[in-house]
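# Coordinate inspection notes
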Amino acid sequence: MTALNRSSARTGRGRRGPRASGTRMWAWFMLPGALWMTAFLLASLALVAVLAVGTTDQLGNPRFGFDLGSVRAMADPAYAEVLLRSLGYAVVTCLICLLVAYPVAYTIALYGGRFKHALIAAVVVPFFANYLVRMYGWSVVLSDDGPLLGALRGIGLADSGTKILNTGFGVIAGLVYGFVVFMIIPLYAALERLDVSLIEAGRDLYGGPVRTFLFVTLPATRQGAAAGLVLVFLPCMGDFVSAQLMGGPDQIMIGNLIQDKFFQGQNWPLGSALTMVLMLVLLIGMLGYLRRTRKDEAEARR
């Protein structure tokens, strides 16, 4: 090894040392919070799992034991129907949020200029209000005598029999309004990191703006879109406020069932069993996202 190579090797080791030390330091800083969150998550999941095989007394109070009645009840087609409905609402909400959020994030990131931070704040700040308050306000907007249907009737796109509340469309509209910001932020972050010269080169290679978007912009921001889909899908599956305020008996979601079993039906074992089913669905979604992310990272390192 020449002197130059030995010097380069020493320099490389010197540079790696502080970086590795800094990484270990931040790992130690993260450890207390990670242990705290993990401990409470596992403890709550263990409690729910134990309650799922428990029983109730004559007053409806939960009792620990081993009874698979609540687990066997999951085979009831009525519960499967509610789960599939919740899954369908969540998937449709994710797709609508993606269609709504992408133009917003694209415009702010690439054309916002010095106002982009103010525009992002204008999008995010209204969502600081309490979720329940926002849903109550949205239910007024979508009501039969609300401003939206009034405007549609005024231009001839709706009549006196048109309804939004107590329909599946109303529930999805509430979910989109409640969680669209979770799609805008990761898309904006991905578009903000995008090299604009790639879009310019794409226009030279592919021609029109549509082909450039499909073959350049969309693939470059798919990780942001995937993160947004997960951030919208997870809370949508467990949401019960939108279905309660803007839906009817035929639009209840699994979150409504869980709420009813715990607070009104006094059937904690059945509510716990439904919670475990919901957690399983969410776990499958998270594992799919993590698998997709690892695959993208592996392709990027090649």
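All figures in this text were calculated on a predicted structure; none of them were measured in a lab. (Residues numbered from 1 in each chain as written. Predicted model: local features only at pLDDT ≥ 70, side-chain atom pairs only at ≥ 80, totals over all residues. Heavy atoms only, no water.)

## A few points about the overall build of the protein
Assigned secondary structure in the protein consists of 14 helices and two strands. For a compact globule of 302 residues, the expected C-alpha radius of gyration is about 19 Å, and the protein comes in at 25 Å, more than 25% above that figure. Principal-axis analysis of the C-alpha atoms gives the protein an extent of 85 × 60 × 30 Å. When contacts within the protein are restricted to residue pairs at least 6 apart in sequence, long-range pairs at least 24 apart make up 68% of them. About 18,400 Å² of surface is accessible on the protein, with carbon and sulfur atoms providing 68% of the total. (Helix = DSSP H or I, 4+ residues; strand = E, 2+ residues; numbered from the N terminus. Rg over C-alpha atoms; globule rule 2.2 N^0.38 Å. Contact = heavy atoms within 4.5 Å. Areas by Shrake-Rupley, 256 points an atom, 1.4 Å probe, with all protein chains shown as cover.)

## Describing the nonpolar core
The nonpolar side chains of soluble globular proteins are, as a tendency, buried together. With 59 residues, the main nonpolar core has Leu175, Leu187, Leu191, Val232, Phe233 and Met237 as its most contacted residues. A per-element tally of this core places helix H3 (residues 77–111) first, with 12 residues. Excluding anything up to four places from it in sequence, leucine 191 contacts Tyr102, Ala105, Tyr106, Ala109, Leu110, Thr217 and Thr221. (Core = buried A, V, L, I, M, F, W, Y, C linked by side-chain atoms within 4.5 Å. Buried < 20%, exposed > 50% of the residue type's maximum accessible area, 1.4 Å probe, protein only.)

## Observations concerning the environment of cysteine 94
Structurally, the position occupied by cysteine 94 is in helix H3. Owing to a relative accessible area of 5%, cysteine 94 belongs among the buried residues under this scheme. The spacing of cysteine 94 and valine 281 is 187 residues in sequence and 16 Å in space, taken between C-alpha atoms. Apart from residues lying up to four places away in sequence, cysteine 94 is in contact with Met183, Leu229, Val232 and Phe233.

## Points about helix H7 (residues 168–179)
Here H7 contains 12 residues, and its C-alpha end-to-end distance of 17 Å stays within 8% of the 16 Å for a straight helix at 1.5 Å per residue. The element H7 is largely enclosed, with a buried count of 10 among its 12 residues. The complete set of buried residues in H7 reads Gly168, Gly170, Val171, Ile172, Ala173, Gly174, Leu175, Val176, Gly178 and Phe179. Of the surrounding secondary structure, the elements contacted by the buried residues of H7 are H3, helix H5 (131–141), helix H8 (181–193), helix H11 (222–238) and helix H12 (241–246). (Expected span 1.5 Å × (residues − 1).)

## Things to note about the packing of aromatic side chains
Note on aromatic pairs: each is described by the distance of the centres and the angle between the planes. Applying the stated criterion across every chain yields a total of eight aromatic pairs. Connected via pairs of aromatic rings, a cluster forms that spans Phe127, Trp138 and Tyr177. (Phe/Tyr/Trp six-rings, centres within 6.5 Å; stacked < 30°, edge-to-face > 60°.)

## Regarding the packing of helix H4 (residues 116–124) against H8
Running from N to C, H4 and H8 cross one another at 165 degrees; their axes reach a closest spacing of 10 Å. Taken together, H4 and H8 sit at an angle that is classed as roughly antiparallel. Seen along the crossing, H4 lies across H8 with a hand that is left-handed. Contact residues: H4 offers Lys116, His117, Ile120, Val123 and Val124, while H8 offers Val181, Ile184, Ile185, Tyr188 and Glu192. (Axes fitted to C-alpha atoms, helices over the stretch in contact; angles between N-to-C directions. Parallel < 35°, antiparallel > 145°, perpendicular 65-115°, else oblique. Left-handed = near helix turned anticlockwise from the far one by under 90°.)

## Quick notes on the confidence of the model for the protein
On average, residues of the protein carry a pLDDT of 85, and 91% of them reach 70 or more. Low confidence marks residues 1–15, where pLDDT is under 50. Its contacts with residues over four positions away, or in another chain, come to one contact. (pLDDT = per-residue confidence, 0-100.)

## A look at unusual backbone geometry
Trans peptide bonds make up most of the peptide bonds, and negative phi angles are found at most residues other than glycine. Residues other than glycine seldom take positive phi values, yet asparagine 166 does so here, at roughly 65 degrees. Secondary-structure assignment places asparagine 166 in the loop between helix H6 (147–154) and H7.

## Structural notes on a nonpolar patch on the surface
Together, Leu280, Leu283, Ile284, Leu287 and Leu290 make up a nonpolar patch on the protein surface, roughly 470 Å² of accessible area in all. Relative to the helices and strands, isoleucine 284 resides in helix H14 (residues 268–301). (Patch = residues over 30% accessible without salt bridge, like charges linked within 9 Å, V, L, I, M, F, W, Y side chains within 5 Å. Salt bridge = Lys/Arg side-chain N within 4 Å of Asp/Glu carboxyl O.)

## What about the pattern of salt bridges?
Counted by the stated rule, this structure contains four salt bridges. Close ionic contact of arginine 63 with aspartate 57 constitutes a salt bridge, the shortest N to O distance being 3.0 Å. For arginine 63, a relative accessible area of 42% puts it in the partly exposed group. Here aspartate 57 falls in the partly exposed class, since its relative accessible area comes to 23%.

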